[in-house]
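Each chain is listed here by its residues.
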Amino acid sequence: METEINSKRILIIEDETSISDIIKFNLEKEGYRVDTAYDGQNGLHKALEEAPDLILLDVMLPLMDGFEVCKRVRETSNTPILMLTAKEEEVDKVLGLELGADDYVTKPFGMRELIARIKANIRRTDVLADKLNAPADVQAFGNLEIDMNRYEARKNGTALDLTLREFELLKYLAEREDRVFSREQLLEEVWGYEYYGDIRTVDVTVRRLREKLEDDPSDPQYIMTKRGIGYHFKRA
Ligand code: CA
């Protein structure tokens, strides 16, 4: 399995060459193939042309910022995107996730943490690829159908365009219908025990999921808020 992980290609889009160089050095030491871009336009071009297995994306970039790059990549690709955000820019984390980033790492970060996150995000994509070859396991919740094995959800017969994380959250809650989970529990169970993120990540993902799933996201019928506690799934 190690060789499979290590043949993966990573694109670093970061204009600070000192940061880019040290990440590249460490990833290559791990056996990854690494490409670099130093501005947003070139980064977007490489992201679309070379279809890397994961993109490390800085926010502040010349020519096109990281948010725009993220948005444009997401129009056509589900490649995991890990955003590099500055510690003081709390808003960046939330905005990045809103635009479809899978994860973020706060600068300054430790190389071990960064590599652990990269591995975890690539592993998730591999799991998904296996799932897509699995037999269907469709469960119906009113007019919502969830294929638990193949990571597909349909509402009134129309496929929902969910990210991997949105789907995993939906699946986790739907499989445990009516049970209420705190944000901390969801972060641990859906995002993974080793996840360093903050609980707003859960709120942002719930909001995105509702926008795709609910007729009226402000009056949800599936993903319900239990005030002061957390979230639960209810069939509409
Ligand atoms: Ca920068």
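Focus on the coordination of the calcium ion
For step 1, the next point in the chain: Surrounding the calcium ion are the protein donor atoms Asp15 (OD), Asp58 (OD) and Met60 (O), which sit 2.0 to 2.3 Å from the metal.
For step 2, the next point in the chain: Here Asp15 falls in the partly exposed class, since its relative accessible area comes to 29%.
For step 3, the next point in the chain: By relative accessible area, which is 4% here, Asp58 ends up buried.

A short note on the domain arrangement of the protein
For step 1, the next point in the chain: For the protein, the assigned domains read domain 1 (3–130) and domain 2 (134–233).
For step 2, the next point in the chain: Averaged C-alpha coordinates put domain 1 and domain 2 at centres separated by 25 Å.
For step 3, the next point in the chain: The interface of domain 1 with domain 2 comprises 18 residues on the first partner and 16 residues on the second.
For step 4, the next point in the chain: On inspection of domain 1 and its partner domain 2, the count reaches 0 salt bridges.
For step 5, the next point in the chain: For the pair domain 1 and domain 2, the interface holds 0 residue pairs in polar contact (both at pLDDT 80 or more).
For step 6, the next point in the chain: Elements represented by at least two residues in the side of domain 1 that touches domain 2 include exactly helix H5 (90–98), strand S5 (103–107) and helix H6 (111–132).
For step 7, the next point in the chain: Per element, the largest residue contribution to the side of domain 1 that touches domain 2 is 8 residues, and it comes from H6.
For step 8, the next point in the chain: Of the residues in the side of domain 1 that touches domain 2, the class split is 6 nonpolar, 3 polar and 9 charged.

Concerning the sheet that holds strand S12 (residues 230–233)
For step 1, the next point in the chain: Strand order in the open sheet formed by 3 strands is S10-S12-S11, with antiparallel pairing between adjacent strands. The sheet is open, and its two edges are formed by strand S10 (181–182) and strand S11 (223–226), each paired on a single side.
For step 2, the next point in the chain: Two strands pair when backbone bridges link them, and S11 and S12 are joined in this way by 4 bridges, in the antiparallel orientation. Residue pairing in the sheet places Thr225 in a bridge with Tyr231 of S12.
For step 3, the next point in the chain: Contacting S10, S11 and S12, helix H7 (residues 164–174) crosses the sheet at an angle of about 70° to S12.
For step 4, the next point in the chain: Docked against the sheet, helix H9 (residues 200–213) engages S11 and S12, running at close to 140° with respect to S11.

Overview of helix H2 (residues 17–29)
For step 1, the next point in the chain: With 13 residues, H2 extends 18 Å between its outermost C-alpha atoms, agreeing within 8% with the 18 Å of an ideal straight helix rising 1.5 Å per residue.
For step 2, the next point in the chain: Those residues of H2 that are buried lie in contact with strand S1 (9–13), strand S2 (33–37), strand S3 (54–58), strand S4 (81–86), S5 and H6.

Focus on the pattern of salt bridges
Pairing between side chains of opposite charge can happen when the charged atoms of each approach one another.
For step 1, the next point in the chain: Summed over all chains, the structure comprises 16 salt bridges.
For step 2, the next point in the chain: Put simply, Arg72 and Glu68 hold a salt bridge, and the shortest N to O gap is 3.5 Å. One end of the pair, Arg72, and the other, Glu68, are both in helix H4 (residues 66–74), 4 residues apart, so they sit about a helical turn from each other.
For step 3, the next point in the chain: On the basis of relative accessibility, which here comes to 33%, the residue Arg72 falls in the partly exposed class.
For step 4, the next point in the chain: Glu113 is paired through a salt bridge with Arg117; the nearest N and O atoms lie 3.2 Å apart. A residue pair is termed a helical-turn pair when its members lie 3 or 4 positions apart in one helix, as Glu113 and Arg117 do in helix H6 at 4 residues.
For step 5, the next point in the chain: Salt bridges linked by common partners bring Glu14, Glu16, Asp58 and Lys107 together as one network.

What about the packing of aromatic side chains?
For step 1, the next point in the chain: Scanning the model with the defined rule gives 4 aromatic pairs in all.
For step 2, the next point in the chain: Ring centres of Phe141 and Phe233 lie 5.1 Å apart, and the angle between their planes is 75°; this geometry places the pair in the edge-to-face category. Pair noted here: Phe141 is in strand S6 (residues 138–141) and Phe233 is in strand S12, with a separation of 92 residues, a long-range link.
For step 3, the next point in the chain: On the accessibility criterion, Phe233 (0% relative accessible area) is buried.
For step 4, the next point in the chain: Considering the side-chain rings of Tyr151 and Phe167, the 4.7 Å spacing of their centres and the 25° angle between planes classify their relative orientation as stacked.

Observations regarding empty space enclosed by the protein
For step 1, the next point in the chain: With the rule as written, the count across this model stands at 1 cavity of 30 Å³ or more.
For step 2, the next point in the chain: By volume, the largest cavity amounts to about 100 Å³.
For step 3, the next point in the chain: Taken together, Leu97, Gly100, Ala101, Asp102, Thr163, Arg165, Glu166, Trp191, Thr205 and Arg208 make up the full set of residues lining the largest cavity.
For step 4, the next point in the chain: Going through the elements one at a time, H7 and H9 are the ones with two or more residues in the lining of the largest cavity.

Calculation notes
- Residues numbered from 1 in each chain as written.
- Predicted model: local features only at pLDDT ≥ 70, side-chain atom pairs only at ≥ 80, totals over all residues.
- Heavy atoms only, no water.
- Donors = N, O, S within 2.8 Å, 3.2 Å for Na, K, Ca; no water.
- Buried < 20%, exposed > 50% of the residue type's maximum accessible area, 1.4 Å probe, protein only.
- Domains from an automatic or database assignment.
- Contact = heavy atoms within 4.5 Å.
- Salt bridge = Lys/Arg side-chain N within 4 Å of Asp/Glu carboxyl O.
- Polar contact = N/O pair within 3.5 Å; in protein donor to acceptor, adjacent residues only side chain to side chain.
- Helix = DSSP H or I, 4+ residues; strand = E, 2+ residues; numbered from the N terminus.
- Nonpolar A, V, L, I, M, F, W, Y, C, P; charged D, E, K, R; others polar.
- Pairing = 2+ DSSP bridges.
- Axes fitted to C-alpha atoms, helices over the stretch in contact; angles between N-to-C directions.
- Expected span 1.5 Å × (residues − 1).
- Phe/Tyr/Trp six-rings, centres within 6.5 Å; stacked < 30°, edge-to-face > 60°.
- 1 Å grid on protein atoms, 1.4 Å probe; cavity = no way out; pocket = protein on both sides within 12 Å on 5 of 7 lines; lining within 4 Å.
- Points joined across faces, edges and corners; volume = space filled by probe spheres on them.

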